[in-house]
Amino acid sequence: MKIITIVGARPQFIKAAALSREIATNKDIEEIIVHTGQHFDDNMSEVFFREMDIPLPKYNLAINSLNHGSMTGRMLEGIEKILIDEKPDLVLVYGDTNSTIAGALAAKKLHIKVAHVEAGLRSFNIEMPEEINRILTDRISDFLFCPTQTAVDNLKKEGYENIDCKIIRCGDVMQDAANYYSEKNSNNDFVRNNIGYSNFILCTLHRAENTDSPEKLSTIINTLNEIHEITPVVLPLHPRTKKKIADLHLELKVKIIEPVGYLNMIELLKKCSLVVTDSGGLQKEAFFFQKNCVTLRDQTEWVELIENNVNILSKINRNDIIDAINKMLTKTSDFTIDLYGNGMACKNILKELLKIKTEK
Ligand code: UD1
Ligand code: UDP
């Protein structure tokens, strides 16, 4: 069986690292990786391929830094050409980025089966580009690999039981990645050598709803500056956010670092006291590394973290953010519950992929 995997943005490299390793254990599957080029800086892309032993992409479309329509359209065109050439049995897409929808759509129009890893997630905020991407990708996928029961339930509520597709609750491939690379990472001294704090808040920020609103972005940055006076805030700065902060001439007093590779990120997660983020992936990783999390959004797709009181949502205003951070900095939480599948997601997915082969 020939699989084409479409990746393009940082979180997809991390998810693909876990699943591609598992796929490579089966000699009956040939996997070809296509990189759309959506993320392209060394520290947003290549570092993950180097550090995580991800098979190098056979194709890189180098499509980036465009508006949504142009980016998705050009990806669609580029991926279609590759699919016509390579004739895969299945196209594998991850998550909810423009690379995800472009890959799924190109494949489906050519009647190639589509597998969506991280299916069924919903924020119920259709303004989010990610929500649009995930709803459309799910609808045209043949195999919906759901990380959580909530994701399965979301699909059922949308009537997916009446659609010709297979819903599989497999667990979260990010848990598999965290387990594997955390073990490999025992000698990492990034925090000791580069951060200089023993008690710090790890923060990431890139969501369009926060960065594209000058009001929200300045509120977040000013509040983080204030918190930093008491508990240091370490912020690996996403290029999108860096540009927006520069445009608004915002003053940054927190400890800014360049985006880091996954291994250093694990070290930051292990050593921090709290995670504050608007990232999807970081919310779960906080849980994997037994840290409370404050999510700077009005809603989250990862509702089980909220239900288990390890994550709270904060509206974007100074008092709410400070209250949420103070509450979560001192809260003792129970992280022993298995929310994301105990690191078996990739094995479960491979098992399903092998069934596709035998069904052919
Ligand atoms: C994208 C995804 C988002 C995901 C995030 C992960 C969409 C719609 N959004 O958002 O779901 O959570 O990736 O990080 O697909 N840039 C660089 N260098 C890079 C990468 C980006 O300078 O290596 C700049 C781009 O030029 C652009 C901006 O950052 O100006 C935003 O990049 P883009 O890929 O459009 O969206 P993200 O915010 O990264
Ligand atoms: N990440 C990383 N380096 C960083 C920031 C994030 O390796 O400087 C990792 C993070 O640990 C997680 C993934 O990138 O595995 C999350 O990606 P991001 O926040 O960009 O996207 P999202 O998950 O919100 O789609």
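In this report, we go over the structure that sits alongside the text. Please read all numbers here as calculations on a predicted model, not as lab measurements. (Residues numbered from 1 in each chain as written. Chains lettered and ligands numbered in written order. Predicted model: local features only at pLDDT ≥ 70, side-chain atom pairs only at ≥ 80, totals over all residues. Heavy atoms only, no water.)

**So, the overall build of the protein chain**
Reasoning step 1: A tally of regular secondary structure across the protein chain gives 16 helices and 13 strands.
Reasoning step 2: Against the compact-globule benchmark of 21 Å for 360 residues, the protein chain has a radius of gyration of 20 Å, which places it among compact chains.
Reasoning step 3: A buried classification covers 59% of the 360 residues belonging to the protein chain.
Reasoning step 4: Excluding contacts between residues fewer than 6 apart, the proportion of contacts in the protein chain whose partners are at least 24 apart in sequence is 69%.
Reasoning step 5: Surface exposure of the protein chain reaches about 15,300 Å², of which carbon and sulfur atoms provide 49%.
Reasoning step 6: Charge centroids of the protein chain, computed over 44 positive and 50 negative side chains, lie 2 Å from each other. (Helix = DSSP H or I, 4+ residues; strand = E, 2+ residues; numbered from the N terminus. Rg over C-alpha atoms; globule rule 2.2 N^0.38 Å. Buried < 20%, exposed > 50% of the residue type's maximum accessible area, 1.4 Å probe, protein only. Contact = heavy atoms within 4.5 Å. Areas by Shrake-Rupley, 256 points an atom, 1.4 Å probe, with all protein chains shown as cover. Lys, Arg positive; Asp, Glu negative; His and termini not counted. Charge placed at Lys NZ, Arg CZ, Asp CG, Glu CD.)

**Looking at a nonpolar patch on the surface**
Reasoning step 1: A surface patch of nonpolar side chains, amounting to about 260 Å² of accessible area, comprises I126, I132 and L136.
Reasoning step 2: In this structure, L136 sits in helix α5 (residues 129-139).
Reasoning step 3: Here L136 falls in the partly exposed class, since its relative accessible area comes to 44%. (Patch = residues over 30% accessible without salt bridge, like charges linked within 9 Å, V, L, I, M, F, W, Y side chains within 5 Å. Salt bridge = Lys/Arg side-chain N within 4 Å of Asp/Glu carboxyl O.)

**Side note on the environment of I140**
Reasoning step 1: As for its placement among the helices and strands, I140 is situated in the loop between α5 and β6 (143-146).
Reasoning step 2: Note: C-alpha distance between I140 and F190 (50 residues apart in sequence) is 42 Å.
Reasoning step 3: Setting aside anything within four residues of it in sequence, one finds I140 in contact with A104, L105, K108 and V114.

**Things to note about the packing of aromatic side chains**
Reasoning step 1: Summed over all chains, the structure comprises 8 aromatic pairs.
Reasoning step 2: Ring geometry for Y180 versus Y181: centroids 4.9 Å apart, planes at 80 degrees, classification edge-to-face.
Reasoning step 3: When the ring of F287 is compared with that of Y340, the centres are 6.0 Å apart and the planes differ by 70 degrees; the resulting orientation is edge-to-face. With F287 in helix α13 (residues 280-288) and Y340 in the loop between α15 (318-330) and α16 (345-359), this residue pair connects regions lying 53 residues apart in the sequence.
Reasoning step 4: A relative accessible area of 5% places F287 in the buried class.
Reasoning step 5: An aromatic cluster is present here, built from F287, F288, W302, F335 and Y340 joined pairwise through their rings. (Phe/Tyr/Trp six-rings, centres within 6.5 Å; stacked < 30°, edge-to-face > 60°.)

**Observations regarding the site of ligand 1**
Reasoning step 1: The local shell around ligand 1 holds 21 residues, among which H39, S65, E130, H206 and R240 are the closest.
Reasoning step 2: Here an oxygen atom of ligand 1 sits 3.1 Å away from a polar atom, N or O, in the side chain of H238.
Reasoning step 3: Between ligand 1 and R240 there is a distance of 2.7 Å, counted from an oxygen atom to a side-chain nitrogen or oxygen.
Reasoning step 4: Protein coverage of the free-state accessible area of ligand 1, which is 750 Å², stands at 90%.
Reasoning step 5: Going through the elements one at a time, α3 (68-86), α5 and α11 (239-248) are the ones with two or more residues in the shell around ligand 1.
Reasoning step 6: Ranked by the residues each element gives to the shell around ligand 1, the list is headed by α11, at 3 residues.
Reasoning step 7: Its residues assigned to classes, the shell around ligand 1 comprises 7 nonpolar, 8 polar and 6 charged. (Near = heavy atom within 4 Å. Polar contact = N/O pair within 3.5 Å; in protein donor to acceptor, adjacent residues only side chain to side chain. Nonpolar A, V, L, I, M, F, W, Y, C, P; charged D, E, K, R; others polar.)

**Let's talk about the nonpolar core**
Reasoning step 1: Counting residues in each nonpolar core, the largest one holds 75 residues, and the members touching the most others are F145, Y262, L268 and L353.
Reasoning step 2: When residues of this core are assigned to their parent elements, the largest contribution, 7 residues, is made by helix α1 (residues 10-23).
Reasoning step 3: In this structure Y262 touches I14, F48, E51, M52, M174, A177, A178, Y181 and E285, once residues within four positions along its chain are discounted.
Reasoning step 4: Core analysis: the second largest hydrophobic core is formed by 25 residues, I201, I316, A324 and I325 among them. (Core = buried A, V, L, I, M, F, W, Y, C linked by side-chain atoms within 4.5 Å.)

**A closer look at the site of ligand 2**
Reasoning step 1: With respect to spatial proximity, 18 residues lie near ligand 2, and among them R207, V260, S279, G281 and E285 are the closest.
Reasoning step 2: A distance of 2.7 Å separates an oxygen atom of ligand 2 from a polar atom in the side chain of R207.
Reasoning step 3: Residue E285 places a side-chain N or O atom 2.5 Å away from an oxygen atom belonging to ligand 2.
Reasoning step 4: Coverage of ligand 2 by the protein chains reaches 96% of its 530 Å² of free accessible surface.

**Looking at empty space enclosed by the protein**
Reasoning step 1: One pass over the full model with this rule turns up 1 cavity of 30 Å³ or more.
Reasoning step 2: Roughly 40 Å³ of volume is contained in the largest cavity.
Reasoning step 3: In terms of lining, the largest cavity is formed by V117, E118, F145, P147, C170, G171, D172 and V173. (1 Å grid on protein atoms, 1.4 Å probe; cavity = no way out; pocket = protein on both sides within 12 Å on 5 of 7 lines; lining within 4 Å. Points joined across faces, edges and corners; volume = space filled by probe spheres on them.)

**Details of the side chain of T223**
Reasoning step 1: The topology assignment puts T223 in helix α10 (residues 214-228).
Reasoning step 2: Among the residues examined, T223 registers a relative accessible area of 2% and is labelled buried.
Reasoning step 3: Look past the residues within four positions of T223 in its chain and what remains in contact with it is R318, I321 and I322.

**Looking at the environment of M265**
Reasoning step 1: Among the secondary structure elements, M265 is positioned in helix α12 (residues 262-271).
Reasoning step 2: In sequence terms M265 and E285 are 20 residues apart; their C-alpha atoms lie 9.8 Å from each other.
Reasoning step 3: Contacts of M265, omitting those with residues within four sequence positions, involve L202, T204, V260 and L282.

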